[in-house]
Amino acid sequence: MIDKARIIARIIDSQRQLQHQLAYDRSHPLFDSNLTVPQLKVLLVLSLEGSASGQDLGRIMGVSLATVTGIVDRLVGHDLVARREDPNDRRVRRIELTTAGTRLIDGIITAGIERLQRMLEQLTVDELDTIDRAATLLARAAIADAGEHGVLPA
């Protein structure tokens, strides 16, 4: 009988090792960024949502509107986000990523892809096929988990 818990533990351990290897790469855009964690969170939310009001950002991040305003002011100063009038309610200001903000968050999200490509090129076609099947299954499970737990899908 195969011990499911033991296999899951091995997979998690392998994933942790892989993440540590990829995180050790100091060329990751996070190491070039002087942004705070709350600023990065705002950029990530905006990349997922497209745009948001200050109240939306405060609710999502669990902080006050005054805190969001300060964070957004600094991001505007870095030309990473812009404020614009909401087309449905002129009293509301929407915050959205600028081109520079989009480039930065895309670079952070996709960092490590080139290294992953180099690693995958070292594998045989059969090994790649196994990883392809496993990645497809994991993606399917992630989508199902997101639906069950109310997590925003990527």
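Residues numbered from 1 in each chain as written. Predicted model: local features only at pLDDT ≥ 70, side-chain atom pairs only at ≥ 80, totals over all residues. Heavy atoms only, no water.

This next bit is on the nonpolar core. Ranked by internal contacts, the top residues of the largest apolar core, which has 19 residues, are Val 42, Leu 43, Leu 46, Leu 57, Leu 75 and Val 81. Of all the secondary-structure elements, those providing two or more residues to this core are helix H3 (37–49), helix H4 (54–61), helix H5 (65–77), strand S3 (89–97) and helix H6 (99–110). A total of 5 residues in this core trace back to one element, the largest contributor, which is H3. (Core = buried A, V, L, I, M, F, W, Y, C linked by side-chain atoms within 4.5 Å. Buried < 20%, exposed > 50% of the residue type's maximum accessible area, 1.4 Å probe, protein only. Helix = DSSP H or I, 4+ residues; strand = E, 2+ residues; numbered from the N terminus.)

Moving on, we come to the packing of H3 against H5. Two elements in contact, H3 and H5, have axes whose closest approach is 10 Å; the angle formed by their N-to-C orientations is 80 degrees. Between H3 and H5, the angle is such that the two are roughly perpendicular. Seen from H3, the contacting residues are Pro 38, Gln 39, Val 42 and Leu 43; seen from H5, they are Ile 71, Arg 74 and Leu 75. Class assignment for the residues of the contact of H3 with H5 results in 5 nonpolar, 1 polar and 1 charged. (Axes fitted to C-alpha atoms, helices over the stretch in contact; angles between N-to-C directions. Parallel < 35°, antiparallel > 145°, perpendicular 65-115°, else oblique. Contact = heavy atoms within 4.5 Å. Nonpolar A, V, L, I, M, F, W, Y, C, P; charged D, E, K, R; others polar.)

Of the strand pairs in this sheet, strand S1 (residues 51–53) and S3 are connected by 3 bridges, and their pairing is antiparallel. In the strand pairing of S3, Ser 51 is matched with Glu 96. As paired elements, strand S2 (residues 81–86) and S3 share 6 bridges and run antiparallel to each other. Bridging from a neighbouring strand, Val 81 pairs with Leu 97 of S3. Joining the antiparallel neighbours S2 and S3 is a turn of 2 residues. (Pairing = 2+ DSSP bridges.)

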